[in-house]
Amino acid sequence: MRCGCLPLMRIHRHRAAGFSLLELLLVLFVVVLVTSMVTLNVGSGSRDLELESRLRSLSEVAAYALDEAQVTGRDYALQLREQELDGRPVVTFSWWMRSDELGEADTWESPPPVQDVFAEQSLPQEVEVQLSLDEGPLIDLTPALEARAVPQPQLVLYASGETTPGVLDVRQRDTGQLLWRVEWDLLGRFSLLPRGEALEPL
């Protein structure tokens, strides 16, 4: 009789030491959930850093262009455009220099290449921008079809060292949430305001 009970006890202990399929699936679900949350947070953080980096670059190149305008005596300008890229809207910004040819006061040409400082750049596709100059209405950043090949900069950095004050709001495209605000004054001093709240002078 003792010999008959021993195998049953061993089988019972063996079953108690293992995991059921339901327990394994539950553990796997928790691991996948935690991994997904970490990946989303890391991805969101890298996108935020990329956006901040591009906006800082925009502000720093603007300050450099204003210095160049004063040194060369020729106006520089910034053009923002919203255009289609792979079927999705994207905001690009490019730099221009006023032509020095006689009678070409409103003609713009590409500035001389200086270590790609004035290379055209774009913002992440997830954002949209709203530009306003001198407390005026928002400026349409979508050029007309017939004018797309002609430079039409909105912000001019004058050789006198001045520019038109303005505000550039950068928002999440799908929600409209304000992510960054770029402001500048008459003397071209740019500031970055995270979510339009805290002033951070450059």
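Since we're looking at a predicted model, the values are computed, not measured.

This part takes up empty space enclosed by the protein. Under the definition given, this model contains one cavity of 30 Å³ or more. Size it by volume and the largest cavity reaches roughly 30 Å³. For the largest cavity, the full set of lining residues is Leu 78, Leu 80, Leu 131, Gln 154, Leu 155, Leu 168 and Trp 184. Looking at the lining of the largest cavity, its residues break down into six nonpolar, one polar and no charged.

With that settled, the discussion passes to the packing of aromatic side chains. The description of an aromatic ring pair rests on the distance of the ring centres and on the angle between the ring planes. In total, this model carries four aromatic pairs according to the counting rule given. Seen in terms of ring centroids, Tyr 64 and Phe 118 are 5.7 Å apart; in terms of plane orientation they differ by 40 degrees. Their pairing is tilted. Here the residue Tyr 64 occupies a position in helix 2 (residues 21-72), and Phe 118 occupies one in the loop between strand 3 (108-109) and strand 4 (121-122), the gap between them amounting to 54 residues. The class for Tyr 64 is partly exposed, based on a relative accessible area of 30%. For Phe 118, a relative accessible area of 10% translates into the label buried. A ring pair is formed by Trp 95 and Phe 118, whose centres lie 6.3 Å apart and whose planes are at 65 degrees; its orientation type is edge-to-face. Here Trp 95 is found in strand 2 (residues 88-98), whereas its partner Phe 118 is found in the loop between strand 3 and strand 4, with 23 residues between them in sequence. Following the ring pairs from residue to residue traces out a cluster consisting of Tyr 64, Tyr 76, Trp 95 and Phe 118.

What counts as what
Residues numbered from 1 in each chain as written. Predicted model: local features only at pLDDT ≥ 70, side-chain atom pairs only at ≥ 80, totals over all residues. Heavy atoms only, no water. 1 Å grid on protein atoms, 1.4 Å probe; cavity = no way out; pocket = protein on both sides within 12 Å on 5 of 7 lines; lining within 4 Å. Points joined across faces, edges and corners; volume = space filled by probe spheres on them. Nonpolar A, V, L, I, M, F, W, Y, C, P; charged D, E, K, R; others polar. Phe/Tyr/Trp six-rings, centres within 6.5 Å; stacked < 30°, edge-to-face > 60°. Helix = DSSP H or I, 4+ residues; strand = E, 2+ residues; numbered from the N terminus. Buried < 20%, exposed > 50% of the residue type's maximum accessible area, 1.4 Å probe, protein only.

Bear in mind that shape data such as this cannot, by itself, settle questions of function.
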